[in-house]
Amino acid sequence: MRSGILVIDDDEKITSMLRRGLAFEGYDVHIANNGTEGLSKVLAVDPDLIILDVMMPMIDGFEVCRRLREGGSTVPVLMLTAKDEVENRVKGLDMGADDYLVKPFALEELLARVRALLRRKEPAGETAGQRLSFEDIILDLDSREVLRAGQRLELTAKEFELLYLFMQNPKRLLTRDLIMDKIWGYDYSGESNVLEVYIAMLRQKTEEYGGKRIIQTIRGAGYILRGDS
């Protein structure tokens, strides 16, 4: 079955280019020209992935993403932004976006991100029904719920996948290249700090209720899940 992709962007040049490029790759493409239309089309076409521009009239991409997540939607969101400042990337990710791409971008890179997000919509089927635990953290794959010391943590889909990867490999060093390949599905670029942004956000949420730091940085090597602070 062909995957359906909804592009929400008010730039006709961008939507035209994405319609042609995505259709050529075999995707069913739907277009919305503003945030209001985009939210309506999410309900109408039930896409497998959303490509979402940030700067739009009426309702911007941040608000669209926030409303989707508050409504319980787990559809992967790739956010497009012309702004490369860290605070804008963090805001998009914090609203529930799964990845971001800065304009102008190469179509080949966008297609790689799309393929990676579609592959990683859910954890592998053989792990269904599994619960992982590490110290006072419990991760449930069926409900996609994470608890720390009995407190529920509100994680985005990508944060959940990242924590799941760590909890599959406790006390094992995970390199940046390995994490990027497992979670994003494309080679890590030293110019991108998407991983560092997600690590910071995951730390903030896992430490929200006073929990000690469990995701440790091994300088120049990667990250490790361990109990020492």
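Heads up: the structure comes first, above all this text.
What comes next concerns the included structure. Residue positions are given per chain, counting from 1 as you read along its sequence in written order. Note on the predicted model: pLDDT of at least 70 is required for a residue's local features to be given, and 80 or more for side-chain atom pairs to be given and counted; whole-chain, interface and lining totals, by contrast, use all residues. Excluded from the side-chain calculations are hydrogens and water; all other atoms, namely the structure's heavy atoms, are used.

Quick word on the pattern of salt bridges
Line of reasoning, step 1. Take a side-chain nitrogen of Lys or Arg and a carboxyl oxygen of Asp or Glu: if they are within 4 Å of each other, that pair is a salt bridge. In the structure shown here, the tally under the stated rule is 19 salt bridges.
Line of reasoning, step 2. Residues Lys158 and Glu161 are paired through a salt bridge, measuring 4.0 Å at the closest nitrogen-oxygen approach. With Lys158 and Glu161 both in helix H6 (residues 157-168) and three residues apart, this pair spans about one turn of that helix.
Line of reasoning, step 3. The shortest N-O distance in the salt bridge between Glu159 and Lys205 comes to 2.8 Å. Of this pair, Glu159 sits in helix H6 while Lys205 is found in helix H8 (residues 194-206), placing the two residues 46 residues apart along the sequence.
Line of reasoning, step 4. Here's how the labels work: a residue is buried when its accessible area is under 20% of the maximum for its type, exposed when over 50%, partly exposed in between, all with a 1.4 Å probe on protein chains only. Its relative accessible area of 0% is what places Glu159 among the buried residues.
Line of reasoning, step 5. Given the relative accessible area of 14%, Lys205 is considered buried. A run of H or I in DSSP becomes a helix once it reaches four residues, and a run of E becomes a strand once it reaches two; helices and strands are each numbered from the N terminus.

What to know about helix H2 (residues 35-45)
Line of reasoning, step 1. Those residues of H2 lying buried are Gly35, Gly38, Leu39 and Val42. Looking straight down H2, one finds that the buried residues subtend no more than 100° of arc, so they occupy a single side.
Line of reasoning, step 2. A positive phi of about 50° marks Asp46, the residue just after H2. Directions drawn from the helix axis to the C-beta atoms are what define this arc.

Topic: the side chain of Lys205
Line of reasoning, step 1. A polar contact is formed between the side chain of Lys205 and the backbone oxygen of Glu154, at a distance of 3.0 Å.
Line of reasoning, step 2. Any two residues whose heavy atoms approach within 4.5 Å are treated as being in contact. Once you skip the residues sitting within four places of it in the chain, Lys205 turns out to touch Asp94, Leu153, Glu154, Leu155, Thr156 and Glu159. Polar contacts, as used here, are pairs of N or O atoms within 3.5 Å; protein pairs need one atom able to donate a hydrogen and one able to accept it. Residues neighboring in sequence count only if both atoms are side-chain atoms.

Quick word on H8
Line of reasoning, step 1. Helix length check: H8 (13 residues) gives 18 Å between terminal C-alpha atoms against 18 Å at 1.5 Å per residue, within 8%.
Line of reasoning, step 2. By the criterion of burial, H8 is predominantly enclosed, with ten of the 13 residues buried.
Line of reasoning, step 3. Val194, Leu195, Val197, Tyr198, Ile199, Met201, Leu202, Arg203, Lys205 and Thr206 are the residues of H8 that are buried. Helices are assigned an expected span. That span is 1.5 Å times one less than the residue count.

Topic: the pairing of strand S6 (residues 131-134)
Line of reasoning, step 1. A one-sided burial pattern is seen for S6, the buried positions being Leu132 and Phe134 and the unburied ones Arg131 and Ser133.
Line of reasoning, step 2. The rule for pairing is simple: two strands pair if DSSP sees at least two bridges between them. Of the strand pairs in this sheet, S6 and strand S7 (residues 137-140) are connected by four bridges, and their pairing is antiparallel. Looking at the pairing, Ser133 lines up with Ile138 of S7.
Line of reasoning, step 3. Connecting the antiparallel pair S6 and S7 is a turn made up of two residues, with Glu135 showing a positive phi of about 50°.

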